[in-house]
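Inside the fold
Listed here are the chains, written in short residue letters.
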Amino acid sequence: MCGIIGCVGRGDETLDTLVHGLSKLEYRGYDSAGVALANSHIDLCKHSGKIADLREALSERTLSGSVGIGHTRWSTHGPPTDENAHPHQDCTGDVAVVHNGIIENYQSLRDELVSAGHTFTSDTDTEVVPHLIEDALEAGADAEDAVRETVDRLEGSYAVAVVVAGCDSVFAARNDSPLVLGIDDDATYLASDVPAFRDFTDKVVYLADGEFARLNGAGWTVTDTDGNVIEKDIDTVQWDPEETGKSGYDHFMLKEIHEQPRALRQCLRGRVDELAGTVDIGDLGDLSPTGVQFVACGTSYHAALHGAQLFREAGIPSQAFLASEYATATPPIGDALVVGVTQSGETADTLSALRAARRRGARTLAVTNVVGSTAARECDHALYIRAGPEIGVAATKTFASQLAALNLLALGTSTTGDARQVISALRDLPGHVQEVLDESAAQEVAELYQDANAYFFIGRGYQEPVALEGALKMKEITYKHAEGFAAGELKHGPLALVTENTPVFAIVTGDDERARKTIGNVKEVEARDAPVVAITDGQSDVERYADHVLQIPETHPRAAAVLANTHLQLVSYHTAALLGRNIDKPRNLAKSVTVE
Ligand code: AGP
């Protein structure tokens, strides 16, 4: 949801460093991109489209300066045009600003500035910022005070970075949008996310809401709103720069699908003792929840649905809420533990739900992939899924790791009868996922049905969230209509959509009552001539009613969810590839959604 970068200390390489950083942040938005370098004036270049379009525009320009900022945009205010691309400038052209978030009071600020004679050239909320800074400079403030005074007037969510002509510094401030500093011996960086500068340094400082940073040749300082210096910890990032490359795969999504065995091993490492049949999640084991409410969005919500089932099965009342609905749903909270499931730890809807829960006195836990993320810092507790960086906009390996981590959470905080079986299934899971990756017939299925009118996905119990996730992945990267249903719901309406041109993917594991009932639903769609793709461990006789089978190893139904999902990820991936879609950057989407 927009990526911003800034750097000082890279000398002649400043421009290349900014553009390189933007290419690493492009997953956050790809509607337009731009850079600004400060010297005695501001050199600026911006363009609608992707970083490649910006690079082309830059090839015809000369920009100089060793202090700079850059931006890649996911549009909120105004369409993705050159005019709306960041950085934005004031009337004099001496101030340039990049921004991630939404300035809620921008209209009143804009009205005020227009009445005072300022000319606006974009539709964005961001443009009020350089004009306010211009006013403050004209009133006699120095650059730092001008930026501070301006930030004080902003309401809403923002991470902003600013350069001013004739000033050797980059200024930055945040509220509800992520910002992290990268610290090297001779250079300092700031960005929305670590991959932007990870090729140069592994030392990072996470900014908190209300903090203000100044980067210049002398180094960096972080201050509070009154200008008092804050001593910040310097953390070391635990992953390698290569992890943010494609490693020979055509797309990040495919690479990340194939990284699932490793991601799962990392998630489980040191946390399960198969011999003892126990799970060790440290202090989290003492949480002893009497009720659990999950809040999450998108793929993470599907993981949350799985999590809620785990706790219900352990006899602990539990429910998953769409984070965007949670604050207004105001469910009775009692002494429930509220768990935010969020890969990025920055999703605005999820953060907002967690804050609402905290205000109501709940204990909160973030299940997240990103150390130092806002969710991790704001919640009382954090459980890291340890999947490593995920660049593809479509969440893949992080979903698998979320399911594994939620199983650890349920096992570590409650007692279930079949803990040993689950632990054993979790131990086998990385190897089982590898088997699916090695043998999946997903590509053939994709080839057969790439022209389908729509795709439907059905499952029960632990396989229902997988059905929902299978459909989300399919629509997200193929732009085709896809819906997931609890298998029993199909006959209550959606069956009317089923034709010979709508393949139905049925996830049937085990041979229990759920499996038998789902097979009944399979027969219903088969009778309407729909092609059926069964994802099954072969325990039931669903194969008799299916046109195609995607086989998974026999395991516990909780682990089967990860295996079935792996096939469905591959079906979506190959369908999107056959259709020539922009798989890693699907239209209209961004990896991290930092606005509500
Ligand atoms: C799914 O492929 C998407 N990337 C999206 O649904 C995502 O899961 C959602 O935006 C939540 O993101 P989070 O896990 O970072 O909070």
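Model, not experiment: these values are computed from the prediction.

Concerning the overall build of the chain
- Of the regular secondary structure elements, the chain holds 17 helices and 26 strands.
- Taken over the C-alpha trace, the chain has a radius of gyration of 25 Å; the compact-globule value for 596 residues is 25 Å, and the two agree within 12%.
- With the C-alpha coordinates of the chain rotated into their principal frame, the extents come out at 80 × 50 × 40 Å.
- Looking at the 596 residues of the chain, the share that counts as buried comes to 62%.
- Residue pairs at least 24 apart in sequence account for 69% of intrachain contacts in the chain once pairs closer than 6 positions are excluded.
- Summed over all atoms, the accessible surface of the chain reaches about 21,700 Å², with 44% contributed by carbon and sulfur.

Regarding the sheet that holds strand β6 (residues 95-103)
- Taken in spatial order, the 6 strands of this open sheet run β5-β6-β7-β8-β12-β13, and their pairing is antiparallel. The strands lining the two open edges of the sheet, one partner per strand, are β5 (88-89) and β13 (219-223).
- Relative to strand β7 (residues 156-164), β6 runs antiparallel, the two sharing 9 bridges. The residue of β7 that forms the bridge with N100 is A159.
- Sheet strands touched by helix α4 (residues 128-138): β5, β6 and β7. Its angle to β6, the strand with the most contacts, is close to 130°.

A look at the side chain of E127
- When you line up the elements, E127 lands in the loop between α3 (106-115) and α4.
- In this structure E127 is buried but unpaired, with R110 as the nearest side chain of opposite charge at 4.7 Å.
- Apart from the residues within four sequence positions on either side, E127 is in contact with H88, Q89, T119, F120, T121 and S122.

Calculation criteria
Residues numbered from 1 in each chain as written. Predicted model: local features only at pLDDT ≥ 70, side-chain atom pairs only at ≥ 80, totals over all residues. Heavy atoms only, no water. Helix = DSSP H or I, 4+ residues; strand = E, 2+ residues; numbered from the N terminus. Rg over C-alpha atoms; globule rule 2.2 N^0.38 Å. Buried < 20%, exposed > 50% of the residue type's maximum accessible area, 1.4 Å probe, protein only. Contact = heavy atoms within 4.5 Å. Areas by Shrake-Rupley, 256 points an atom, 1.4 Å probe, with all protein chains shown as cover. Pairing = 2+ DSSP bridges. Axes fitted to C-alpha atoms, helices over the stretch in contact; angles between N-to-C directions. Lys, Arg positive; Asp, Glu negative; His and termini not counted. Salt bridge = Lys/Arg side-chain N within 4 Å of Asp/Glu carboxyl O.

None of this, on its own, says anything about what the molecule does.
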